[in-house]
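Commentary on secondary and tertiary structure
Here is how the chains run, residue by residue.
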Amino acid sequence: MIERGRRRYSSHGPADRPEVARVQASILSLEMKHPELSARKLLSRGTRTTLIVLLAALIAGLVFAPIGTLVVLLAIVTSVYLATMLYKLWLYYESGRGDPVFRVSDDEARAVDDAMLPVYTVLVPVFREPESVGQLLTALEALEYPRDRLDVKLLLEADDVPTLLATEDAHPGHYVEVVEVPPATPRTKPKALDYGLLGARGELVTIFDAEDIPEPLQLRRAAVAFDRAGPSMACLQARLGFYNSRQNLITRWFTLEYAMWFRDFLPGIVRAGAPVPLGGTSNHFRRGALIAAGGWDAFNVTEDADLGVRLARLGQSVGLLDSETQEEATSDFLNWVKQRSRWYKGYLQTWLVHLRKPRKLWRDLGPKGFVGFNLLVGGTPLLAVCNVFTWTLTLVWLVLRPGWVDQLFPAWIYYVGLFCFVVGNSIVIYLGLLSARLDGNHDLLLYALFMPIYWLMMALAAFKGALQLALAPSFWEKTVHGMAPESIIDLTRTEIDLREEADSVPGPDRLGRAST
Amino acid sequence: MMTAETVSVVEVEHEENPVAQPRRRRITEARAVFTLSLAVYLVLAWLFVFRYDSVLGDALSRVANAYYMVYSRDPKLAAVGFVWTPLPSLVMAPFLPLKALWPALVSRGFLANIESALFMAGAATLLRGILADLGLSRAPRLTLVMVFVLNPMSLYYGANGMSEALLLFFLLAAVLPLARWMRQPSPRHLVAAGVALGLGYLARYEAVVAGLAVAVLVGVVSFFRARYDSRDRRYVATADAALVGVPVALSFGLWALASWLIVGHPFDTFNSRYGNTAQVSASRQGIQNVVGGTGGAALEYVAHQVFVLAPALILVLVVALVVALRRRDPWIAAAIVPLGGVMAFQAATLAAAGSFGWLRFQITAIPLTAVLVGYLLAPAWGRSSRRAMLAAPPVRRRLLAAGSALTALVVTGAGSATAFAAFGDSTLAREEYTHITPVVHQAWGWGPSRRLTLGDLDGERRIAEYLDRRALGDGTVLVDVALGFPIVLASAHPKRFVITPDRDFPDAVTDPVGAHIGYILISRDTGTMDAISAKYPSLYDTGAGFARLVRQFPSPHGNGRTWRLYRVMDVRSNHLGGVTQ
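**Comments concerning the overall build of chain B**
Secondary structure assignment for chain B yields 27 helices and five strands. Over its C-alpha trace chain B gives a radius of gyration of 26 Å, about what one expects of a compact globule, namely 25 Å for 581 residues. The principal-axis extent of the C-alpha atoms belonging to chain B is close to 95 × 60 × 50 Å. For chain B, the proportion of its 581 residues judged to be buried stands at 57%.

**Thoughts on the overall build of chain A**
Tallying secondary structure elements over chain A gives 21 helices and eight strands in all. Residues counted as buried form 55% of the 516 residues belonging to chain A. On chain A, roughly 22,000 Å² of surface is accessible, and the fraction owed to carbon and sulfur atoms is 63%.

**Thoughts on the interface of chain B and chain A**
Between chain B and chain A, the residue contacts involve 20 residues of the former and 17 residues of the latter. Of the roughly 1,700 Å² buried at the junction of chain B and chain A (both faces included), carbon and sulfur atoms supply 71%. Among the residues of chain B in contact with chain A, Arg188, Leu243 and Leu261 of chain B are the three that bury the most area, contributing 31% of the side total. Counting across the interface, chain B meets chain A through one salt bridge.

**Some words on the packing of helix α9 (residues 164-183) of chain B against helix α10 (residues 187-203) of chain B**
All names here are of chain B. The interhelical angle for the contact between α9 and α10, taken along N-to-C directions, is 165°, at an axis separation of 8 Å. In terms of their interaxial angle, α9 and α10 are classed as roughly antiparallel. With respect to the hand of their crossing, α9 and α10 are arranged in left-handed fashion. Taken together, the residues of α10 that come into contact with α9 (itself represented by Leu166, Phe170, Leu171, Ala173, Ala174, Pro177, Leu178, Arg180 and Trp181) are His189, Leu190, Ala192, Ala193, Ala196, Leu197, Leu199, Gly200 and Ala203. Considering only residue class, the contact of α9 with α10 consists of 15 nonpolar, two polar and one charged.

**As for the sheet that holds strand β1 (residues 477-478) of chain B**
Strands sit in the order β2-β1-β3-β5-β4 (chain B) across an open sheet of five strands; the sheet is mixed. In this open sheet, the two strands that pair with only one neighbour each are β2 (497-498) and β4 (547-553) of chain B.

**Here we look at the side chain of Glu94 of chain A**
Counting through the fold element by element, Glu94 of chain A comes out in helix α4 (residues 66-97). In this structure, Glu94 of chain A is in contact with Gly268 and Arg271 of chain A, ignoring residues within four places of it in sequence.

**Points about the side chain of Asn113 of chain B**
Residues and elements named next belong to chain B. For Asn113, the position within the fold is in helix α6 (residues 110-133). On the basis of relative accessible area, Asn113 is assigned to the buried category, the value being 4%. With sequence-adjacent residues up to four places away left out, Asn113 is seen in contact with Ala45, Val49, Gly158, Ala159, Asn160 and Gly161.

**Describing the environment of Ala56 of chain A**
Residue and element names in this part refer to chain A. Mapped onto the secondary structure, Ala56 falls in helix α3 (residues 45-64). In this structure Ala56 comes out as partly exposed when scored by relative accessible area, which is 42%. Once the C-alpha coordinates of Ala56 and Arg103 are considered, the two residues, 47 residues apart in sequence, prove to be 52 Å apart.

**Things to note about the sheet that holds strand β2 (residues 150-157) of chain A**
All names here are of chain A. Taken in spatial order, the eight strands line up as β3-β2-β1-β4-β7-β6-β8-β5 in an open sheet, and their pairing is mixed. Single-partner strands in this sheet number two, and they are β3 (176-181) and β5 (213-214). Pairing geometry for strand β6 (residues 233-242) and strand β8 (residues 317-327), over nine bridges, is parallel. Counterpart to Leu236 in the pairing with β8 is Gly319. Packing against the sheet, helix α9 (residues 218-229) makes contact with β1 (120-126), β2, β4 (204-207), β5, β6, β7 (283-286) and β8, and its axis sits at approximately 170° to β8.

Reading the values: the criteria
- Residues numbered from 1 in each chain as written.
- Chains lettered and ligands numbered in written order.
- Predicted model: local features only at pLDDT ≥ 70, side-chain atom pairs only at ≥ 80, totals over all residues.
- Heavy atoms only, no water.
- Helix = DSSP H or I, 4+ residues; strand = E, 2+ residues; numbered from the N terminus.
- Rg over C-alpha atoms; globule rule 2.2 N^0.38 Å.
- Buried < 20%, exposed > 50% of the residue type's maximum accessible area, 1.4 Å probe, protein only.
- Areas by Shrake-Rupley, 256 points an atom, 1.4 Å probe, with all protein chains shown as cover.
- Contact = heavy atoms within 4.5 Å.
- Buried area = accessible area lost by both parts, 1.4 Å probe.
- Salt bridge = Lys/Arg side-chain N within 4 Å of Asp/Glu carboxyl O.
- Axes fitted to C-alpha atoms, helices over the stretch in contact; angles between N-to-C directions.
- Parallel < 35°, antiparallel > 145°, perpendicular 65-115°, else oblique.
- Left-handed = near helix turned anticlockwise from the far one by under 90°.
- Nonpolar A, V, L, I, M, F, W, Y, C, P; charged D, E, K, R; others polar.
- Pairing = 2+ DSSP bridges.

On their own, these measurements won't tell you what the molecule is for.
Structural data, given as structure tokens:
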């Protein structure tokens, strides 16, 4: 494609050959270091065997002793509900007892001599969002960090011509390098990040999304915090917030949820010694630790959460940084469901990958970490799926009072289940109110009260995510070998879907942040 | 107690606290208060129950409600009953199996006494925490706590297994964080206060009033404290009020929902034949005779009760209000609103003829006075006065502390004297008079006295022994446990009884023969409290045409119920007539 005499963008020229080798290396970076932790082949032989045995047992049970089997299932689900409820209460309690977040004041952040600051690599994967480039470059320009120590890499797909052109038009500063990632499957964000990491110069590395507006002192704060924390601290997660938080009902709920997660649960998770599922962007790494961990898993759709768990398994610390990056909240119902189902699917992937060798996981994470990992990463999507069934069952019981429900619930399951349903949900709603107040969202109190409707949306997304993972397990394997064009197309389409979510809000709304 | 640790944390935060002491020592003080007061209450409880056989029916019936959940023919959570609040019984439930080691825990309801002792000791510890938060120095602080612990009302209700101790505990558990919130507005304090009030509602219905009042108070204080533009202020105030109010609302709503789902009526205490409304209206004339009427007369009666429990309350309250207004300090509202709110509610229900007007309903006056006195004796909140106090020479400081302690002793100690004297007043302290005077007379050898209530449940225990000696099948003895609970508790075979919470109880009452009931236990003058005699008014006297008197059990000491055991005759298969006498 040649336009107005500009540089010719092509992805098939012979000059791309070294890049292709590099992109292969970046895709396989995790395979090289920790093949057992890669989601490339989602189901290991052990996992597959276990799943088949469990499934067979379930079917046999349902055929030969349907009531008994259902009772056992309900007992398991109820126990997990109870455990999760207690665990969340504990996390909340822990976050109230002490503050593990690294806080660096403006003065402290600015006090560091420029010459003492490490080189900082900022990776920004951009895909098919030419209209974001202007805002992105403005946000990057606002970062208070010596330019000679800033190594910004915009990771663009080499065949994404509109974005490439927009970037060239915007005349990025000399500290910004435009990296063209050769097209290759899987066309995912983690792959682009791994590719960018290959050329990173910084001692510290961070990631921003194209529509992110990081707080300008964030890099300096992170550098100071890393210095304070010492070499064992491999990663610092900054907080994420929304600049369109009051746009509509969904963004209001999303805002409440994010605030609760980043301000109340994550500090609790850190204090409770559980692995921190990193969130999307604004995670800051020591490059050495990141590379040693194998970088991002190009085959995991929540590569961030997976990386957090992997770092924990490798004995690295993950901390929290008091600094906020403003993002755009998904405001459209369908896009929200898509995004959320990807998260749930990714959590399930992460869960399956790390549970391949449960005993090893237990040794790596310790009992507290093991329990936390299972309840947070496995429990979140699984319970969200179960919610669909248990809520329906409760409704049926309340309205119709059929006799067969009594059979399924021996007294203790009944009481514990009822307790979880009534008291547990009440507690979660109440914690939502508390979070709204603690996190300065007190104007959203009423929305916090109606959070259960948002949980219904979550349940829907979890169902979609789980179904997608269950119906298309081979989906992932085929893409690796590159032998199934359809699945490649599928994958590409999925990725486009994901990226397009960010573009779904028309431009003017982004300016809304000035008034919020 | 968890309070000890949290108290010390807050103490440490106060800079230049004149009474700041090392953390360890504070924990020890709180623990000492808890342990010593617990020991006092337990010893008293033991004396009351085992030495003088003074067992309170209300306390014993809370053990019974827990007992039915586990040991009845039809064990289920709902057996706890919906007339009264469930928490006192739920707390006991896990400890019921200990009856295998010590049967009196259940048969004499000593579990309830242990429970009230624990919660009253907890209340004393919380009071200590509140006073320590005020920065009150040790001498007056411990004096106030000690006077509270040894107040005759605290002693009796800490020892006797009633739910007053739970009410005081949860109210003070709300006052402590609420008072902290007045000084340091973290929403987390409101959560603690809200949860305490929410649990308090499940212990005693009155707590709902405290919850409402506190929610309003928090909203108002938050609104005037917030330094935002007017819009945000309203949101913040609403959010704060919601945080403290929602747990109470949830307790209220969920308890009503459970009641509605299971017994078909959300507020059973107003509706049930066993509920407060039914009992009060059945005793209306008696109450009126004592109280002197409704409206103004009732309020006068309550004022008299409050005066004997805390003679200094009004004076202290007025002074504290003036001081607080001058200091522009809302702190005391954290104590006045919940504790006073309950008192006001009790006065209002009595004035509206909806209450028995027992002396114990005003028990919150005692800790309220202690907190107010503590507030007046503590250095004013703010740096300058604290600094002045630190700068004072040690002799003066010691004199000041001694003076404060003496003041505290005189002002609150007076209440102990008047309360004890009131126990001899059969109109002002009806329950206490009938239960405590005979014990005091016996203990101190004050000559012969009426037994009044001593051993009044002994007859029921003998009935249980009698039935235990017979070979009976499960589910063969029908009894309404609203009055018959001591029999079931004392029996070694609780499953033999068909009791009120059983799902087949109504059918068994309607058709005893069809339900294979062999025997019916029934007593005289049951009022509304017996579904069986309500169905068969002539059963006690004549057998109602289908039952034959087996045996009459008079009260062994003449102060309890007289019971009759009837044999159910199968009138359909043989027409012996069945009516003896």
